[in-house]
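A structural walkthrough
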Amino acid sequence: MEALGLLLHGFAVLLTWKTLVLMMVGLVLGIFVGVLPGLGGPNGVAILLPLTFTMDPTSAIVMLSCIYWGALFGGAITSILFNIPGEAWSVATTFDGYPMAQQGRAAEALTAAFTSSFIGSLVAVLLITFLAPMISSFALKFGPPEFFAVYLLTFCSFVGLGREAKHKTVISMSLGLLLAGIGMDTVSGNLRMTFGSSELLRGINFLVAVIGLFGISEILLTMEERLALRGHAASISLRVVLNVWKDLPKYWVTLLRSSFIGCWLGITPGGAIAASFMGYNLAKRFSKDPESFGKGRIEGVFAPETAAHASGTAALLPMLALGIPGSGTAAILLGGLMVWGLNPGPLLFVEHKDFVWGLIASMYLGNVVGLVLVLTTVPIFASILRVPFAAVAPMIVVSCAIGAYAIQNAMFDIWLMLGFGVVGYVFKKIGIPLAPFTLALVLGNRAEDAFRLSMIGSGGTLKVFWSNGLVGSITTLAIVLLFWPVIDGLLARVGWTQRTRAT
Amino acid sequence: MSQTDLEIVVDDPTAPEDDSPSVVSSGTVEIFVCLLLLALAITLGYDNWRTGASWDATGPEPGYFPFYLSIILGGGSLYGLIAALVAHRKAAETFVTRAQARRVMAVFVPTLLFCGVTQFLGLYIASFLLIAGFMRLVGKIALWKSLLTAFVFTAIMFVTFDIAFDVIMPKGPFEAAFGH
């Protein structure tokens, strides 16, 4: 198979000392970030991004994605030992993980969590390996109308399928798209929405906004809570690991089910949070003994962790194949691609083979190395939590500022970051979701360009979005998803018997 | 099963009390935010309309796409405003309690000062001051520990970014004295 050959090539790109060292550094930083309160996947990646600015793209993405894997692994440590989910998608892990730790089975729970994360990611990476090249070669035939239709589909599915209040998703998304438009208009060269300010001329940098929205605001939110914690320290012995692994085949249905849920929800913008809960609930429903869930059942750790990680990894598939991120973190990685001078989209697979296959190979390698690393170093990382937050918080603030400044060497960006920190804090507290904003900000310009190019091509008629079968069905699907709650309600009312034409 | 079951315990002496009175309700903040967004939508919408939001011979004018987005944003925030006003009469969910607000300000104000100091004295001096000051004053950590941590962290940052990775940070008179 062609993909296998290219994957081997990817491994060859990776296997240099420099890359392996960067991989380890990334993983350690990632676990660190995942364990610390108030920091997680997207924040960690955003804050550490500037470290990679001077690297070549392949090393940079390897290190960044390893930070991400590390953060995913790290999140499980605090959920199980301290009952503190580092991320929203680790919440379901605490249901059975923490009771296990209380019963003195922390090592078992941690092993289960790490192993299932590994399996979940592995399934998703396999999917990426074989599906992404196919999707991207299909997408090479796309013109501007098709691309705009795909962007529209992404935005609409956020509104239609998101769990937040619809108008809040709409607000968040349109605000992101608007802010993306500030500065020089890429098509005509005119200035827009700058109000005479020379600082706004450059536009609002996506990464600056992300560092503020996720980094600074998270510090503010964390400080609001009681930071006292009490938990179990655990070290994992080889025997426990082997015991858990020996039992793995017994849970193959759970693992497989959760992997599929994760992959599906990762590609669509359902996300890791929904995936972890769904994985947990389905495992409980199909279990012969649902009563024992929540009391320290190992399946209750397997199910959500596998799903969350499959989802987190699968979110990279649309990013690689189409240039559309499936999650907040994927959006940040996409922002990174642009900084390193790569143009995200289907051409990536043709023009930057080394980069793409190096990244995919690093997903395999990073997960294996990460698994070994977390299994051996849990006690060290758990004790990081002893460091008082009063020492950690200012360091995070400084790292955020360094990150924001480094992107364009602009002092204005540090102030902008602070502003976005406040916006993020307020938005999170009143339930305006940040993920659509992030996505809109990173895709805004390209969505607009695609729209205008298709309009110019068609002479100004919207019919171009239904001009052929492909673009027509994507656009129609987008509109169906946008009004999905309404359609769903209608379908329920007619009792699924009548097919209502949804347009 | 071999397992060391040490407890890790970290206390939080300045934790916000649970019964602290509410400063402002979520509904009020929501109304305020929606008003702000509405104002923003109108401002941006007007600016785009001025730039040109219609069609000319070459296709849509620069303001076309953002103009309609401002309308969507305006519509969304108007809906949010009405929804918040309607819901406001029923329950008042707390946005932030007084104790929480105090803690949030304890981070926000130093961060604000940090940004200001960075502008004039450079990032590294500001970083040292922020970490040492925050640890000492907010965290009540021993002075020598605070100073040492701040110095070591700042030094690591300087070596990593300015020297190893060549990512140049804003600097002030202090670094200039050492030739950087």
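Every value quoted in this text rests on a predicted model; they were computed, and no experiment measured them.

Bringing the overall build of chain B into the picture now. Check the secondary structure of chain B and you find six helices and five strands. Ordered by position in the sequence, the α and β elements of chain B form the string β-β-α-β-β-α-β-α-α-α-α. In terms of overall dimensions, chain B is more spread out than a globule: its C-alpha atoms have a radius of gyration of 25 Å, far above the 16 Å expected for 180 residues. With the C-alpha coordinates aligned to their principal axes, the bounding extent of chain B is approximately 65 × 50 × 45 Å. Within chain B, the proportion of its 180 residues that are buried is 32%.

Attention shifts here to the overall build of chain A. Tallying secondary structure elements over chain A gives 22 helices and three strands in all. Its C-alpha atoms give chain A a radius of gyration of 22 Å, near enough to 23 Å, the size a compact globule of 503 residues would have. Viewed in the frame of its principal axes, chain A has a C-alpha envelope of about 70 × 60 × 50 Å. Within chain A, buried positions represent 62% of all 503 residues.

If you check helix H3 (residues 98–121) of chain B, its first and last C-alpha atoms are 34 Å apart, about what 24 residues at 1.5 Å a residue would give, namely 34 Å. Those residues of H3(B) not exposed but buried are B:Gln100, B:Arg103, B:Val107, B:Pro110, B:Thr111, B:Phe114, B:Cys115 and B:Thr118. The inward-facing, buried residues of H3(B) contact helix H9 (206–224), helix H18 (389–408) and helix H19 (411–429) of chain A together with strand S5 (94–97) and helix H4 (123–138) of chain B. A positive backbone phi angle near 95° is found at B:Gly122, which sits one or two residues after H3(B).

Our focus in this paragraph is the UniProt feature "transmembrane region" (unreviewed entry) in chain B. All names here are of chain B. The positions that UniProt labels "transmembrane region" (unreviewed entry) are, in the present scheme, residues 29–46, 66–87, 107–135 and 141–165. Each end of residues 29–46 is marked by a C-alpha atom, and these two atoms are 26 Å apart; helix forms 100% of the span and strand 0%. The span residues 66–87 carries 100% helix and 0% strand; its end-to-end C-alpha distance comes to 31 Å.

Our focus in this paragraph is the interface of chain A and chain B. At the interface, 68 residues of chain A touch 72 residues of chain B. Counting residues per element, the ones that place at least two in the side of chain A that touches chain B are helix H8 (166–180), H9, strand S3 (229–232), helix H17 (353–383), H18, H19 and helix H20 (435–458) of chain A. Looking at which element gives the most residues to the side of chain A that touches chain B, the answer is H18(A), with eleven residues. Partitioning the side of chain A that touches chain B into residue classes produces 44 nonpolar, 14 polar and ten charged.

With that settled, the discussion passes to the nonpolar core. By size, the foremost hydrophobic cluster in this structure holds 220 residues, and its most contacted members are A:Ile67, A:Ile80, A:Leu110, A:Ile211, A:Val397, A:Ala401 and A:Met417. If you tally residues by element for this core, the top one is helix H4 (residues 57–82) of chain A, at 17 residues. When we break this core down by domain, the ones giving at least three residues each are domain 1 (24–95) and domain 2 (97–178) of chain B.

Our focus in this paragraph is helix H6 (residues 106–139) of chain A. Across its 34 residues, H6(A) extends 46 Å between first and last C-alpha, which sits within 8% of the 50 Å expected from 1.5 Å per residue. For H6(A), the buried fraction is high: 25 of the 34 residues fall into the buried class.

All names here are of chain B. At their nearest, the axes of H4 and helix H5 (residues 143–164) sit 8 Å apart, and the two run at 150° to each other. In terms of orientation, H4 and H5 fall into the roughly antiparallel class. The handedness of the crossing between H4 and H5 comes out as right-handed. Taking contact as the criterion, the partners of Tyr 124, Ser 127, Phe 128, Ile 131, Ala 132, Met 135 and Arg 136 in H4 are, on H5, Leu 143, Ser 146, Leu 147, Thr 149, Ala 150, Phe 151, Phe 153, Thr 154, Met 157 and Phe 158. A per-class count over the contact of H4 with H5 returns twelve nonpolar, four polar and one charged.

The next subject is the domain arrangement of chain B. In terms of domains, chain B is made up of domain 1 (24–95) and domain 2 (97–178). Summarising the inter-unit geometry, the C-alpha centres of domain 1 of chain B and domain 2 of chain B are found 37 Å apart.

Attention now goes to the environment of A:Phe389. Tracing the sequence through the fold places A:Phe389 in helix H18. On the basis of neighbour counts, which here come to 22 C-beta atoms within 10 Å, the residue A:Phe389 falls in the buried class.

A few words on the packing of H6(A) against helix H10 (residues 238–247) of chain A. Residue and element names in this part refer to chain A. Running from amino to carboxyl end, H6 crosses H10 at an angle of 55°, the nearest separation of the two axes being 9 Å. In terms of orientation, H6 lies oblique with respect to H10. Note that H6 runs across H10; the crossing there is right-handed. Of the residues in H10, those touching H6 at Ala 107, Glu 108, Thr 111, Ala 112 and Thr 115 are Val 240, Val 241, Val 244 and Trp 245.

This next bit is on unusual backbone geometry. We note that A:Asn409 has phi near 50°; this positive angle belongs to a residue other than glycine. Here A:Asn409 is to be found in the loop between H18 and H19. Exposure remark for A:Asn409: the 11 C-beta atoms within 10 Å place this residue in the exposed category. Backbone geometry at B:Lys140 places phi at a positive 55°, although glycine is not the residue there. Along the chain, the position of B:Lys140 falls in the loop between H4 and H5.

Right, let's get into the confidence of the model for chain A. All names here are of chain A. Summarising the model, chain A shows a mean pLDDT of 83, and 95% of its residues fall at 70 or more. Averaged over each element, pLDDT in chain A is lowest for S3 (71) and highest for H19 (93). Taken as a whole, residues 497–503 scores under 50 in pLDDT and shows five contacts with residues more than four places along the chain or in a different chain.

The predicted structure's coordinates, where accompanied by low pLDDT, should not be read in detail. Looking at chain B, pLDDT values average 84 and 92% of them are 70 or higher. Within chain B, the element-level pLDDT minimum falls on strand S1 (residues 7–10) of chain B, averaging 68, and the maximum on H4(B), averaging 92.

Conventions used here
- Residues numbered from 1 in each chain as written.
- Chains lettered and ligands numbered in written order.
- Predicted model: local features only at pLDDT ≥ 70, side-chain atom pairs only at ≥ 80, totals over all residues.
- Helix = DSSP H or I, 4+ residues; strand = E, 2+ residues; numbered from the N terminus.
- Rg over C-alpha atoms; globule rule 2.2 N^0.38 Å.
- Buried ≥ 20, exposed ≤ 12 C-beta atoms within 10 Å, placed from the backbone.
- Expected span 1.5 Å × (residues − 1).
- Contact = placed C-beta atoms within 7 Å.
- UniProt positions renumbered as here; feature names shortened; annotations may be inferred.
- Nonpolar A, V, L, I, M, F, W, Y, C, P; charged D, E, K, R; others polar.
- Core = buried A, V, L, I, M, F, W, Y, C linked by C-beta atoms within 7 Å.
- Domains from an automatic or database assignment.
- Axes fitted to C-alpha atoms, helices over the stretch in contact; angles between N-to-C directions.
- Parallel < 35°, antiparallel > 145°, perpendicular 65-115°, else oblique.
- Left-handed = near helix turned anticlockwise from the far one by under 90°.
- pLDDT = per-residue confidence, 0-100.

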